[in-house]
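Read off the chains here:
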Amino acid sequence: MYKLLLVEDEDLIRKGIRRFVPFEELHIHEIYEATNGEEGLRIFGEQLPDLVLLDINMPRMNGLDFAVQIKAMKPEVKIAVITGYDYYDYAVASLKIGIDDYVLKPVSRSDVFEVLNKLVQKLKDESQRTELLALLRTMQTHTAGAAAPGEPDHEKKLVQQVIEAHLANPEFSLVLLAEQMGFSPGYMSTLFKKLFNVPFQDYIASIRMERAKLQLLASDKKVYEISAEVGFDNPNYFSSSFKKKFGLSPLQYRERIKE
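A short tour of the structure in this document, coming up.

Side note on the overall build of the chain
Broken down by element type, the chain carries 12 helices and five strands. Looking at the chain as a whole, 42% of its 259 residues qualify as buried. For the chain, restricting intrachain contacts to residue pairs at least 6 apart in sequence, the fraction spanning at least 24 positions comes to 64%. Split by element, the accessible area of the chain, about 14,000 Å² in all, is 52% carbon and sulfur.

Points about the pairing of strand S4 (residues 78–83)
Residues in a regular strand point their side chains to alternate faces of the sheet. In terms of burial, S4 is a largely internal element, six of the six residues being buried. Where burial is concerned, the two faces of S4 agree: the one with Lys78, Ala80 and Ile82 and the one with Ile79, Val81 and Thr83 are both buried. In this fold, strand S3 (residues 51–55) hands off to helix H3 (residues 63–73), which returns the chain to S4; that crossover is right-handed. Examined bridge by bridge, S4 and strand S5 (residues 101–104) share four bridges and lie parallel to one another. Counterpart to alanine 80 in the pairing with S5 is aspartate 101.

Structural notes on unusual backbone geometry
Both trends apply: most residues other than glycine have a negative phi, and most peptide bonds are in trans. Here the bond from lysine 105 into proline 106 is cis, since omega is 0°, no more than 30 degrees from zero. Mapped onto the elements, proline 106 comes out in the loop between S5 and helix H5 (109–139). Despite not being glycine, leucine 48 shows a phi value in the positive range, around 45°. Here leucine 48 lies in the loop between helix H2 (37–47) and S3. A relative accessible area of 39% places leucine 48 in the partly exposed class.

Structural notes on the sheet that holds strand S1 (residues 2–7)
A sheet is described by the order of its strands in space; here five strands give the open sequence S2-S1-S3-S4-S5, paired in parallel fashion. Of all the strands in the sheet, the pair left with one neighbour each is strand S2 (28–34) and S5. The sheet shows a mean angle of 20° between the axes of neighbouring strands, direction not considered. Bridge analysis of S1 against S2 gives six bridges, and the strand direction is parallel. Opposite valine 7, over in S2, you have alanine 34 as the bridge partner.

A look at the pattern of salt bridges
Using the criterion set out here, one finds 15 salt bridges in the structure. Between lysine 78 and glutamate 126 there is a salt bridge whose closest N-O contact spans 2.6 Å. Separated by 48 residues along the polypeptide, lysine 78 in strand S4 and glutamate 126 in helix H5 bring together distant segments of the chain. Among the charged side chains, a network of salt bridges with common partners joins Asp11, Arg14, Arg18 and Glu33.

Points about the packing of aromatic side chains
Considering all chains together, one arrives at 12 aromatic pairs under this definition. Considering the side-chain rings of phenylalanine 238 and phenylalanine 242, the 6.0 Å spacing of their centres and the 55° angle between planes classify their relative orientation as tilted. With phenylalanine 238 and phenylalanine 242 both in helix H11 (residues 235–246) and four residues apart, this pair spans about one turn of that helix. In this structure, phenylalanine 238 and phenylalanine 242 share a single accessibility class: buried. Ring geometry for phenylalanine 242 and tyrosine 253: centres 5.6 Å apart, planes at 70°, overall edge-to-face. Note that phenylalanine 242 is positioned in helix H11 and tyrosine 253 in helix H12 (residues 250–258), a separation of 11 residues in sequence. Exposure remark for tyrosine 253: the relative accessible area of 12% places this residue in the buried category. Through pairs of rings, three or more aromatic residues link up here, namely Phe232, Tyr237, Phe238, Phe242, Phe246 and Tyr253.

Observations concerning H11
The end-to-end C-alpha distance of H11, which contains 12 residues, comes to 16 Å, matching closely the 16 Å that a straight helix rising 1.5 Å per residue would cover. Turning to H11, its buried residues number three or more, namely Pro235, Phe238, Ser241 and Phe242. Taken end-on, H11 shows its buried residues confined to a sector of 120°, consistent with a single buried face. Away from its buried face, by an angle of more than 90 degrees, H11 presents the exposed residues Asn236, Tyr237 and Lys244.

Rules of the game
- Residues numbered from 1 in each chain as written.
- Predicted model: local features only at pLDDT ≥ 70, side-chain atom pairs only at ≥ 80, totals over all residues.
- Heavy atoms only, no water.
- Helix = DSSP H or I, 4+ residues; strand = E, 2+ residues; numbered from the N terminus.
- Buried < 20%, exposed > 50% of the residue type's maximum accessible area, 1.4 Å probe, protein only.
- Contact = heavy atoms within 4.5 Å.
- Areas by Shrake-Rupley, 256 points an atom, 1.4 Å probe, with all protein chains shown as cover.
- Right-handed = clockwise from strand over helix to strand, strands pointing away.
- Pairing = 2+ DSSP bridges.
- Axes fitted to C-alpha atoms, helices over the stretch in contact; angles between N-to-C directions.
- Salt bridge = Lys/Arg side-chain N within 4 Å of Asp/Glu carboxyl O.
- Phe/Tyr/Trp six-rings, centres within 6.5 Å; stacked < 30°, edge-to-face > 60°.
- Expected span 1.5 Å × (residues − 1).
- Arc of directions from axis to C-beta.

Spelled out as C-alpha cells, the structure:
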C-alpha cells in the first residue's frame with residue numbers, strides 16, 4: 001500500500017487526476033492534496049508519502065526547490081513532475097536533484113497512470129533488493145572460506161541487481177557498490193573480479209554501452225535522454241565514448257540500423 005502526495009495549484013488538473021486515475025490498480029490507497037509548495041511541504045513532513053506528483057510551476061515555491069527539500073526529508077521518495085518544459089537543461093537539473101520522471105502538459109489520464117506505475121515499480125524493486133541484500137548479509141561470513149553450492153551464482157545475481165538499480169547514477173562506483181553489499185571496498189574488488197572475470201570499471205562501462213545500444217534500437221528517445229539513463233551526466237562524453245567503442249556516433253548507429 002502506497003501514499004501519494006499531489007501538489008498542483010490548478011483545480012481542474014488536480015481534481016481530474018484524483019477522479020480519473022485508477023489509483024487502486026497501483027496499490028495507492030492514501031492520497032493527499034496541496035495547492036502550493038508550502039502546504040505541500042507541511043503535508044509531506046506529516047505524512048511522509050512514498051510518491052509525489054507535483055507541478056513544476058507552483059505558487060510560493062517552484063517544483064525543483066520543493067523536490068530538493070523533500071528528498072532531504074525522505075531520500076527514497078519517488079517524484080514525478082508535471083511540466084510544460086521538454087528540453088535538455090531542465091532534464092539535467094531534474095536528474096541531479098533526483099526527480100524520477102515527468103509528465104508533459106496537457107496531462108492525460110494515461111500519462112499520469114503510466115508515470116505513477118513506473119514509480120511504484122521502482123519502489124517494489126528497491127524493496128525486493130533490500131530484502132535480498134539483508135539475506136545476503138546474514139549468510140556472508142566476510143571470510144575467504146569455501147562457498148556453499150550455488151553461492152557464487154547467487155552473489156553474482158545480487159551484485160547485478162545492485163548495479164542495475166544504480167546504472168543511471170554517474171557517481172556510482174565500486175565503493176558505493178561495496179557499501180550496498182555490506183563489504184569493504186578491497187573485498188568487493190576481489191569478489192567482483194572473481195565473479196565477473198573483469199574489473200568493476202570495465203564491466204559497468206560495457207553494460208552502459210550495451211544498454212545504450214538497446215535504447216537506440218528500441219526507442220525514439222533523444223541521445224541526451226539515453227545518456228542520462230545509462231549513467232552519463234555529459235551527453236557529449238557519452239557520444240564520444242559510444243563512437244570509440246562501436247565506431248559510430250549514437251545517431252549514426254540508429255540511422256545505420258534503420259537502413
